[in-house]
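The primary structure of each chain is shown beneath.
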Amino acid sequence: MQLQFVRHLTLDQPSASGYRHFAAASGLAAAGRWLYVIGDDELHLASFPAEGDAPGQLIRLFPGSLPRDPSARKAVKPDLEVLASLPPATAYPHGALLALGSGSTARRRSGALVTLDAEGAVESIRQLEVSGLFRAIARLVDQPNIEGAVVRDDQLLLFNRGNRARPDNLVLACSLADVTDGKTVEVIVRARLKLDTANDVPLTVTDACSLGDRILFSAVAEDTSNAYEDGKLIGTAVGALDANLNVVHLERVDHPVKIEGIQAWTDGDKIALLLVSDADNPTKPAGLFKCLMVKP
């Protein structure tokens, strides 16, 4: 699969790293005229125009500030990895975005609900009490690392990323309303996804989105054996799950970039994908890419 570069994720003001760009883009959602991106070392959401290359704007999700030193920031960052699109509901009639940390450390267990207006612009932001969700996840997963989420009916499906030591990716399920209402959350394992390898390094899920009865996902082969340390990028792929969460398609990406966010639309007899990358280097801006995939 060939990726086409669209733009760098530049900003109209400095990010937590001190640079005027997002470097570690880790989730992507589209609404109206906007593309929304989270970074795993930021306290903000960023909004970008869906067309053109104008700089993005930062939208604060959590209070405080983060150190500019990369190692110090890594130790205290909220590690926001999930940016899920929520369908309209009574509490958010025009839809919403759910942002969640990975849960890989105690500092990475935060969440926020971003409600949208009729044009897809941000209307309000509410921090969520999600400690119960992550406690429930920790009872099932010895190394929590939530990287993506999609909504199916009244359930939130969470994708726990594997690593070299634990190559299985878990699909966890819980009540969406319990998460957004801050109630006691029960979590179950719905599926285990074991993907191909690249040079003996397993491909592991980095994000997911819904398209009809399919779930599209991005995956990377990163040479690391835990949920905290980064590793050398070996390969990248995108794939699809059917309604029963079976892998029905997996396609390697030709471009050596660490894809961490995915959105999908139907484009005739193919699927159009937008993807964002994590540069794993605060001095380099993340990129927005597009490509076409055959319908599985």
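Residues numbered from 1 in each chain as written. Predicted model: local features only at pLDDT ≥ 70, side-chain atom pairs only at ≥ 80, totals over all residues. Heavy atoms only, no water.

## So, the nonpolar core
For clarity, the cut-off: By nonpolar core is meant a set of buried Ala, Val, Leu, Ile, Met, Phe, Trp, Tyr and Cys residues that side-chain atoms within 4.5 Å join together. Working definition: with a 1.4 Å probe on protein chains only, accessible area under 20% of the residue-type maximum means buried, over 50% means exposed, and in between means partly exposed. Only DSSP runs of H or I with at least four residues qualify as helices, and only runs of E with at least two residues qualify as strands; both kinds are numbered from the N terminus onward. We call two residues contacting when some pair of their heavy atoms lies within 4.5 Å.
Formed by 27 residues in total, the largest nonpolar core has its most connected members in Leu133, Ile137, Leu156 and Leu158. Listing elements by their share of this core, those giving two or more residues are strand S6 (80-86), strand S7 (96-101), helix H2 (131-140), strand S10 (146-152), strand S11 (155-160), strand S12 (169-175) and helix H3 (176-180). Considering every element that reaches this core, the biggest residue donor is H2, with four residues. Excluding its chain neighbours within four sequence positions, the residues that come into contact with isoleucine 137 are Pro144, Ile146, Leu158, Leu172 and Val187. Grouped together as the second largest cluster of nonpolar side chains are 20 residues, Ala173, Ala191, Leu193 and Leu203 included.

## Structural notes on the side chain of lysine 258
For lysine 258, the location among the structural elements is in the loop between strand S18 (247-252) and strand S19 (259-267). If near-sequence neighbours (up to four positions away) are discounted, lysine 258 is found in contact with Val220, Glu222, Asp230, Leu233, Val276, Ser277, Asp278 and Asp280.

## Structural notes on unusual backbone geometry
One non-glycine residue, asparagine 199, lies in positive phi territory at about 55°. Position of asparagine 199 among the secondary structure elements: in the loop between strand S14 (197-198) and strand S15 (201-211). What makes asparagine 199 exposed here is its relative accessible area of 66%. For aspartate 280, which is not a glycine, the phi torsion comes out positive at approximately 55°. Considering the arrangement of structural elements, one finds aspartate 280 in the loop between strand S20 (270-277) and strand S21 (287-294).

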